[in-house]
Amino acid sequence: MALQNATIDPDKLNAFMGKMLSDVGAAMNASLLLIGDKLGLYKALAEAGPMTSQQLAEKTGTSERYIREWLAAQAASDYVVYDPGTGHFSMQPEQAAVFADEDSPVFLGAVGDLVAATLRDEPAISDAFRTGKGVGWDKRDKCLFCGTARFFRTAYRHHLVQEWLPALEGVMEKLEQGATVADIGCGHGVSTMIMARAFPNSRFYGFDYHPGSIDDARSAAEAAGMADRVTFEVSTAKTVPARGYDLVCFFDCLHDMGDPVGAMRHVRSTMAPEGTCMLVEPFANDRLEDNFNPVGRVYYAASTVICTPASLDQEVGLALGAQAGEARLRKVANEAGFTRFRRATETPFNLILEARP
Ligand SMILES: C[S@@+](CC[C@H](N)C(=O)[O-])C[C@H]1O[C@@H](n2cnc3c(N)ncnc32)[C@H](O)[C@@H]1O
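Small disclaimer: the values here were computed from a predicted structure and weren't measured. (Residues numbered from 1 in each chain as written. Predicted model: local features only at pLDDT ≥ 70, side-chain atom pairs only at ≥ 80, totals over all residues. Heavy atoms only, no water.)

Before going further, it helps to examine the UniProt feature "domain: Methyltransferase" (unreviewed entry) in the protein. Taken from the UniProt record, the annotation "domain: Methyltransferase" (unreviewed entry) applies to residues 176-290. Annotated as residues 176-290, this span is 30% helix and 30% strand, and its ends, taken at the C-alpha atoms, are 39 Å apart. (UniProt positions renumbered as here; feature names shortened; annotations may be inferred. Helix = DSSP H or I, 4+ residues; strand = E, 2+ residues; numbered from the N terminus.)

In this section: the site of the ligand. Lining the immediate surroundings of the ligand are 19 residues, of which Tyr-156, Gly-185, Asp-208, Phe-251 and Gln-314 lie closest. At a separation of 3.0 Å, a nitrogen atom of the ligand approaches a polar backbone atom of Ala-237. The element that contributes the greatest number of residues to the shell around the ligand is helix H9 (residues 142-164), accounting for 3 residues. Across the shell around the ligand, the residue classes tally to 9 nonpolar, 7 polar and 3 charged. (Near = heavy atom within 4 Å. Polar contact = N/O pair within 3.5 Å; in protein donor to acceptor, adjacent residues only side chain to side chain. Nonpolar A, V, L, I, M, F, W, Y, C, P; charged D, E, K, R; others polar.)

This brings us to unusual backbone geometry. With a phi close to 65°, Asp-78 is a non-glycine residue in the positive phi region. Relative to the elements of secondary structure, Asp-78 occurs in the loop between helix H5 (64-76) and strand E1 (81-83). For Val-316, which is not glycine, the phi dihedral falls at a positive 70°. Looking at where Val-316 falls in the secondary structure, it is placed in the loop between helix H14 (294-312) and helix H15 (325-335).

Right, let's get into the pairing of strand E3 (residues 180-184). Across the 5 residues of E3, 4 count as buried, placing the element largely inside the fold. For the crossover that starts at E3, traverses helix H11 (residues 190-198) and ends in the parallel strand E4 (residues 203-208), the hand is right-handed. In this structure, E3 lies alongside strand E6 (residues 245-251), joined through 4 bridges in parallel fashion. Note that in E6 the partner of Val-181 across the bridge is Leu-247. (Buried < 20%, exposed > 50% of the residue type's maximum accessible area, 1.4 Å probe, protein only. Right-handed = clockwise from strand over helix to strand, strands pointing away. Pairing = 2+ DSSP bridges.)

This part covers the pattern of salt bridges. Per the stated rule, a full pass over the model turns up 27 salt bridges. Two residues, Asp-127 and Arg-130, come together in a salt bridge whose shortest N-O distance is 3.2 Å. Of the two residues, Asp-127 and Arg-130 both sit in helix H8 (residues 122-131), 3 residues apart, roughly one turn of that helix. By relative accessible area, Asp-127 is classed as partly exposed at 45%. Lys-139 is the salt-bridge partner of Asp-313, the closest N and O atoms lying 2.8 Å from each other. Placement of the pair is Asp-313 in the loop between H14 and H15 and Lys-139 in the loop between H8 and H9, with a sequence separation of 174 residues. By relative accessible area, which is 29% here, Asp-313 ends up partly exposed. (Salt bridge = Lys/Arg side-chain N within 4 Å of Asp/Glu carboxyl O.)

For the rest of this paragraph, the subject is the packing of aromatic side chains. Tallied over the full model, the rule gives 11 aromatic pairs. Considering the side-chain rings of Tyr-205 and Tyr-245, the 6.3 Å spacing of their centres and the 65° angle between planes classify their relative orientation as edge-to-face. A residue pair is termed long-range when its members are at least 10 positions apart, and Tyr-205 in strand E4 and Tyr-245 in strand E6 qualify at 40 residues. Relative accessible area serves as the criterion here: at 12%, Tyr-205 is assigned to the buried category. In this structure an aromatic cluster arises from ring pairing among Phe-151, Phe-152, Tyr-156, Trp-164 and Phe-251. Positioned above the aromatic ring of Tyr-205, the side-chain terminus of Arg-243 is 4.0 Å from the ring centre. (Phe/Tyr/Trp six-rings, centres within 6.5 Å; stacked < 30°, edge-to-face > 60°. Lys NZ or Arg CZ within 6 Å of the ring centre and 35° of its normal.)

Here we come to the pairing of strand E8 (residues 340-346). Across 6 bridges, E8 lies against strand E9 (residues 350-356) in antiparallel orientation. Looking across to E9, one finds that Phe-341 is bridged to Ala-355. Between E8 and E9, which pair antiparallel and follow one another directly, the connecting turn spans 3 residues.

Okay, helix H3 (residues 41-48) next. Restricting attention to buried positions, one finds in H3 the residues Leu-41, Tyr-42, Ala-44 and Leu-45. One side of H3 carries all its buried residues, which in axial view fall inside an arc of 165°. Taken together, the buried residues of H3 touch helix H2 (10-38), helix H4 (53-60), H5, strand E2 (88-90) and helix H6 (93-99). Positive backbone phi, at 80°, marks Gly-49, one or two positions downstream of H3. (Arc of directions from axis to C-beta. Contact = heavy atoms within 4.5 Å.)

This is the structure we're talking about:
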């Protein structure tokens, strides 16, 4: 075996083992992230300030012995701070913003749910690796649905109305005056509701092929008192009814579809002649080697276990992957009949692409 004859460079090996130790630590702590989020441990610690394990356990109705161990792991991860002088644990504002504040622009509290969902579905994904078949979004662990909605909500809440919609040509004016909007593959309808709240004169329709997500989206619209102008319907992208939409949005879902060209082609036929199609896709450069960075690493992993199997489960099964990049997405839009296409804006996590008929 080649390995037996290989010369190991001890410095390189040490550096690589150091990196791996850190990665193993992150992987082992993923379930603790979920536990901290689910049981409200981060929120309680951030709100109440420095606490002992006993105090945190009492405040959250949990067992002190478990909390003591959880806090030790959190402090060893630099997720919370430990003061050996007092035996108190606390969170710095930056740590609280990431783990405890649902409305902060850097909230990552939903990550535990996402990781858990991918691990729970691993047997089906391993089988799919062998067969080449897909695993549909609608057949996934339910943690994936609420985890995705909460994970993406952070970006939508802080960028969608403030930056993404204004970056599209003439769309803000239409939305303010009263536009008809379709949100395709809307999931729990978080993006739909954010837009509806910001533009009370406009009418919003959210579509998703997963009935469970549409049920949750409808409940959210009713709870927010917006069900009169926000409607959620179970529909695939290729069966969305034509209503002369001024704006059609695909939030992080085009690459999950089996036939993204067919989906965009159909959607184009449902739009107003001068309408706009906004594609929000994970940020990616066009070449594989240009995505070897922390963001690309997260997205390629998610793409392998979530997005690629989702697409392969549907007709055509193009499987664009979450790191499709602008050039491939432009090709999809052009093949679907859109004649104008440009990158409207971007964040470190998203590409915002504008397609016009
Ligand atoms: C990654 S989730 C994004 C959900 C939502 N847009 C968001 O940003 O939170 C992808 C969504 O696309 C939906 N989806 C996948 N294929 C679809 C299709 N062919 N037609 C309609 N929806 C689809 C899934 O059910 C899922 O809700």
